[in-house]
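# Examination of the molecular architecture
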Amino acid sequence: MRQFLGSITRRERRFAAAGTLITLLVLVPVVAVADPGLVPGTPAQSATEQAVDAARGDSCRDTLPADTPDYVVCRWLTPPQDAAAVAAFWGADGGANLEQAQPLPAQYVRCNRKTDLSTSTTCKGGTTFCRQLPSGWYQCTDETNGKVTYERYVNGKKQVQSTPPPSPSTTTSSTTWPTSSPTPSSPDTASTPLPTPTPSNETETLPPDGNPPDAGTPTTDPSTPSASVPTVTAEPTTSTTSTAPEPSNGAADGDFIATAKKAHLRIWLETDLADDYLAGDTAFTTALQHLVTDAKRTDVTGVKFADNLAYTGFSTEQQVIRFLNRATQALRAALPGKRLAIGVVVPELGCGDSQPCITALRKRAPLVTKQHVNRYLKAGDVDRVEIAGGLFGRTYRQYQVTDPKTGKPTSITPALATRAQWMSIKALEWDTLAQIGVREYGLAHTGDTSPWTTAQATAQIEARIGTAIGLGASTITLWGHNATADGQTYRLLNADLADNPTWNALTGQGLRGRLAVVIDPASTERGAADIVHYAKGVSEIFILI
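These lines cover the structure that appears in this document, whether it is placed above or below.

## Digging into the sheet that holds strand β8 (residues 339-344)
Two modes of strand pairing occur in sheets, parallel and antiparallel, and in both the strands are linked by backbone hydrogen bonds. Strand order in the closed barrel made by the 8 strands is β6-β7-β8-β9-β12-β14-β17-β18, with parallel pairing throughout. Here the strands of the sheet are splayed against their neighbours by 30° on average, with no regard to which way each runs. Relative to strand β18 (residues 540-544), strand β6 (residues 266-270) runs parallel, the two sharing 5 bridges. Of the residues in β18, the one forming a bridge with I267 is I541.

## Quick look at helix α13 (residues 454-470)
Most pronounced at E462, the bend in α13 amounts to some 35°. For α13, a buried count of 12 out of 17 residues is recorded, marking the element as mostly surrounded by other parts of the structure. Among the residues of α13, Q456, A457, A459, Q460, I461, A463, R464, I465, G466, T467, A468 and I469 are the ones counted as buried. The first or second residue beyond α13 is G472, which carries a positive phi of 120°.

## Some remarks on the packing of helix α7 (residues 281-295) against helix α8 (residues 317-334)
Interhelical geometry of α7 versus α8 gives an angle of 35° and a closest axis separation of 11 Å. Crossing of α7 over α8 shows right-handed handedness. Contacts between α7 and α8 pair D281, F284, T285, L288, L291 and V292 from the former with F323, R326, A327, A330, L331 and A334 from the latter. When grouped by side-chain class, the residues that make up the contact of α7 with α8 number 9 nonpolar, 1 polar and 2 charged.

## A closer look at the sheet that holds strand β16 (residues 488-491)
Across the sheet, 3 strands lie side by side as β13-β16-β15; this open sheet has antiparallel pairing. Looking at the sheet topology across the chains shown, the edges are occupied by β13 (445-446) and β15 (483-485). Pairing analysis gives 2 bridges linking β13 to β16, with the strands arranged antiparallel. Paired with H445 across the two strands is R491, which belongs to β16.

## Details of the pattern of salt bridges
Inspection of the entire model under this criterion finds 21 salt bridges. K261 is paired through a salt bridge with D299; the nearest N and O atoms lie 3.3 Å apart. Of this pair, K261 sits in helix α5 (residues 251-262) while D299 sits in the loop between α7 and β7 (300-306), placing them 38 residues apart in sequence. One salt bridge in this structure joins D496 and R526, with 3.2 Å as the shortest N-O distance. One end of the pair, D496, is in the loop between β16 and α14 (501-507); the other, R526, is in the loop between β17 (515-519) and α15 (529-534), and 30 residues separate them in sequence. Among the residues examined, D496 registers a relative accessible area of 45% and is labelled partly exposed. Among the ionic contacts, a cluster of salt bridges with common partners joins R266, E270, K304, D307, R384, E386, R439 and E540.

## Brief notes about the packing of aromatic side chains
Per the stated rule, a full pass over the model turns up 12 aromatic pairs. Aromatic side chains Y311 and F392 sit 6.4 Å apart centroid to centroid with 40° between the ring planes, which places their arrangement in the tilted category. With Y311 in the loop between β7 and α8 and F392 in the loop between β9 (384-389) and α11 (393-397), this residue pair connects regions lying 81 residues apart in the sequence. Each member of the pair, Y311 as well as F392, carries the same accessibility label: buried. Through pairs of rings, three or more aromatic residues link up here, namely Y277, F284, F305, F314 and F323. The ring of F542 carries the charged tip of R439 above its face, separated from the ring centre by 5.0 Å.

Here is what the cut-offs are and how they apply
Residues numbered from 1 in each chain as written. Predicted model: local features only at pLDDT ≥ 70, side-chain atom pairs only at ≥ 80, totals over all residues. Heavy atoms only, no water. Pairing = 2+ DSSP bridges. Helix = DSSP H or I, 4+ residues; strand = E, 2+ residues; numbered from the N terminus. Axes fitted to C-alpha atoms, helices over the stretch in contact; angles between N-to-C directions. Bend = angle between axes of the 7 residues up to and from the residue. Buried < 20%, exposed > 50% of the residue type's maximum accessible area, 1.4 Å probe, protein only. Left-handed = near helix turned anticlockwise from the far one by under 90°. Contact = heavy atoms within 4.5 Å. Nonpolar A, V, L, I, M, F, W, Y, C, P; charged D, E, K, R; others polar. Salt bridge = Lys/Arg side-chain N within 4 Å of Asp/Glu carboxyl O. Phe/Tyr/Trp six-rings, centres within 6.5 Å; stacked < 30°, edge-to-face > 60°. Lys NZ or Arg CZ within 6 Å of the ring centre and 35° of its normal.

Below, the structure written as structure tokens:
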């Protein structure tokens, strides 16, 4: 330092001293204000900090980076400051609240005596291990004394007995196809059929009734109905797949696959083997071979081999599980590396906590209650499951739930139904068993032109698709491209592939990576050229064969 000071002039030393003084007087206070924590002795301004509060409007979206895609919808399910209270609730009394919240997992452990697991890691009185049997009962073994009981819940009430419950079938397993008879020649009738659902004002086939005439005009708050609505023609009551003849010899299938590949789409082939299985061995084998032949192409990602599984046709849960086992085993062997998918409809999921709604929809379709579908997914060995959305709009609207914003009773709107559906799916943990997506029926319209304005279309997309993605839906498959049902033709675009407000709103949301479309080669506007138009807004295609 002395050498340095000796090497500069007196005038330069004065400038150096002045610069040091300016630094001490000006820059250090600036640094202190910019980040109090960097300067010892400066108090942090903690009085201005507030805990995250969902009721105030805070959102976890605020914590995401600025370049986060639009389709990432983020809302707090539980504010962070309430997380400890939630954990204490589920851990209290040895997890009793968790056990009463149906459905139970296939295996679980509980405390023998009341224990607050939020404060203790050891169960009082030891533990009991319960595992689910094919009959639906649980075999529970006290790990302290070895005592075995059999338990189940019926309508929320616990039943306990000391003797084993009867097996649901004396001839076959509930989760594997019997090796002694791998190809039955007729539908399974060994098990006792479930009660036939009582008739209602809607038929058993699935109507895409997401847009009933009395649904209310969509607004920026889709959960609040208003007075007027664009009139939509009668809803279909037949199968949601086309009734037109299939393309001969697979020629049209090949053209569509080639076009989809050129458009850089992930390609799925779709058929419904359930009807063929119920028709007997010959029909099932023929349909299976047709699907395998087309799906062996390297361009094909996977196959969807069942749609709206067990909503109609089947008579017992065991029959459904045997179909799933036989179909998946055959397809895995014939199509190694291909992904397998099914479609299911679970009407009660849209009811929320409306018990009258749940009871009515369980009665309508007794084989697709959430408990049944839970077992199908665990036994099915599939990679992807599409949950039907946008259905039963008229039925849901007849029932009321508590509005999460106002706390007042309100009819179940599409937004509320979608929210209830996906909260249930998360609670059931189906997303741990397979990739769970939506097959959305509620955005299709009849006639040549969509009746929705841009504001109405945007509100419907937010209510249905935005809510589903925000609560965990991985993909949204759009049904309704020239789909014929009950004598009506349903469209997503307008006639002759003309864009409309719904399509413009979808493509404007940056959702392409999460959207897919269903196309039937037997029912199009311009043949395979339809795929080129859709490729602008979707990344996947399901081709019906």
